[in-house]
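# Structural characterization, general
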Amino acid sequence: MTEHTDTVNTELSNKLKPKMSSFLEKKGILLISSSNFIGKTFVIDKPKVLIGRSESSNFCIKDPLISKEHCLITVSEDGKFFIEDLNSTNSTFLNGKEVKKKTQIFYGERIVIGDTIIRFYLEERLDKK
């Protein structure tokens with residue numbers, strides 16, 4: 001085969017490969033920034049994430065002031081992230097305000113549950129040149 005033929009075959013092969021698609025274009029990232037569990041992270045890669053003290057929670061945090069099922073993060077079909085309190089004992093706070101209903105969350109926002117401070121981030125990608 002010639003170099004030209006190899007290039008054409010590679011290009012065709014790449015075009016025929018199935019494209020990987022996932023539920024989320026950008027995954028959410030929860031990062032604990034308070035000293036009690038500093039550095040603990042969780043990647044939001046599914047439509048619903050339960051946060052609580054229970055081992056059955058998706059993101060289990062052993063803070064005694066967090067309810068077993070404390071709050072829920074959901075992702076809409078268009079990739080927006082929301083948080084809602086699940087009638088927890090000590091409430092959920094977003095940027096210092098109590099979360100009383102399902103509320104959209106944005107990059108860098110501060111979530112407080114119990115004695116735990118969590119920052120919300122989005123997955124980032126480098127632009128290839």
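Residues numbered from 1 in each chain as written. Predicted model: local features only at pLDDT ≥ 70, side-chain atom pairs only at ≥ 80, totals over all residues. Heavy atoms only, no water.

### Let's talk about the sheet that holds strand 9 (residues 103-105)
With mixed pairing, 5 strands are arranged side by side in an open sheet as 4-3-5-6-9. This sheet does not close on itself; its edge strands, each paired only once, are strand 4 (59-60) and strand 9. In terms of strand pairing, strand 3 (residues 48-52) meets strand 5 (residues 71-75) through 4 bridges, oriented antiparallel. Its bridge partner being in strand 5, Ile51 is matched across the sheet by Cys71. (Pairing = 2+ DSSP bridges. Helix = DSSP H or I, 4+ residues; strand = E, 2+ residues; numbered from the N terminus.)

### Quick look at the confidence of the model for the protein chain
When pLDDT is low, close inspection of the predicted coordinates is not appropriate. Mean pLDDT for the protein chain: 86, with 81% of residues reaching 70 or above. Counting contacts from residues 4-23, a segment whose pLDDT is below 50, to residues more than four positions away or on other chains yields 6 contacts. (pLDDT = per-residue confidence, 0-100. Contact = heavy atoms within 4.5 Å.)

### What to know about the packing of aromatic side chains
This structure, assessed with the given rule, holds 3 aromatic pairs. Ring centres of Phe81 and Phe120 lie 5.0 Å apart, and the angle between their planes is 55°; this geometry places the pair in the tilted category. Placement of Phe81 in strand 6 (residues 81-85) and of Phe120 in strand 11 (residues 116-122) is noted, with a sequence separation of 39 residues between them. Classification of Phe81 by relative accessible area gives buried; the value is 4%. Using a relative accessible area of 1% as the deciding quantity, one classes Phe120 as buried. For Lys102, the ring lying beneath its charged end belongs to Phe82, and the centroid distance is 5.4 Å. (Phe/Tyr/Trp six-rings, centres within 6.5 Å; stacked < 30°, edge-to-face > 60°. Buried < 20%, exposed > 50% of the residue type's maximum accessible area, 1.4 Å probe, protein only. Lys NZ or Arg CZ within 6 Å of the ring centre and 35° of its normal.)

### As for the sheet that holds strand 10 (residues 110-113)
Ordered in space as 2-1-11-10-7-8, the 6 strands form an open sheet in which the pairing is antiparallel. Unpaired on one side and paired on the other, strand 2 (41-44) and strand 8 (97-98) mark the two borders of the sheet. Strand direction decides the pairing type here: strand 1 (residues 28-32) and strand 11, joined by 5 bridges, are antiparallel. Looking at the pairing, Leu30 lines up with Phe120 of strand 11.

### Side note on the pairing of strand 3
With 4 of 5 residues buried, strand 3 lies mostly within the body of the structure. When strand 3 meets strand 4, the two strands line up parallel, connected through 2 bridges. Within strand 4, the position partnered with Gly52 by the bridge is Cys60.

### A few points about the environment of Thr103
The residue Thr103 is located in strand 9 in this model. Overall, Thr103 belongs to the partly exposed group, its relative accessible area being 25%. Residues Thr103 and Thr74 lie 29 residues apart in sequence; the distance between their C-alpha atoms is 9.9 Å.

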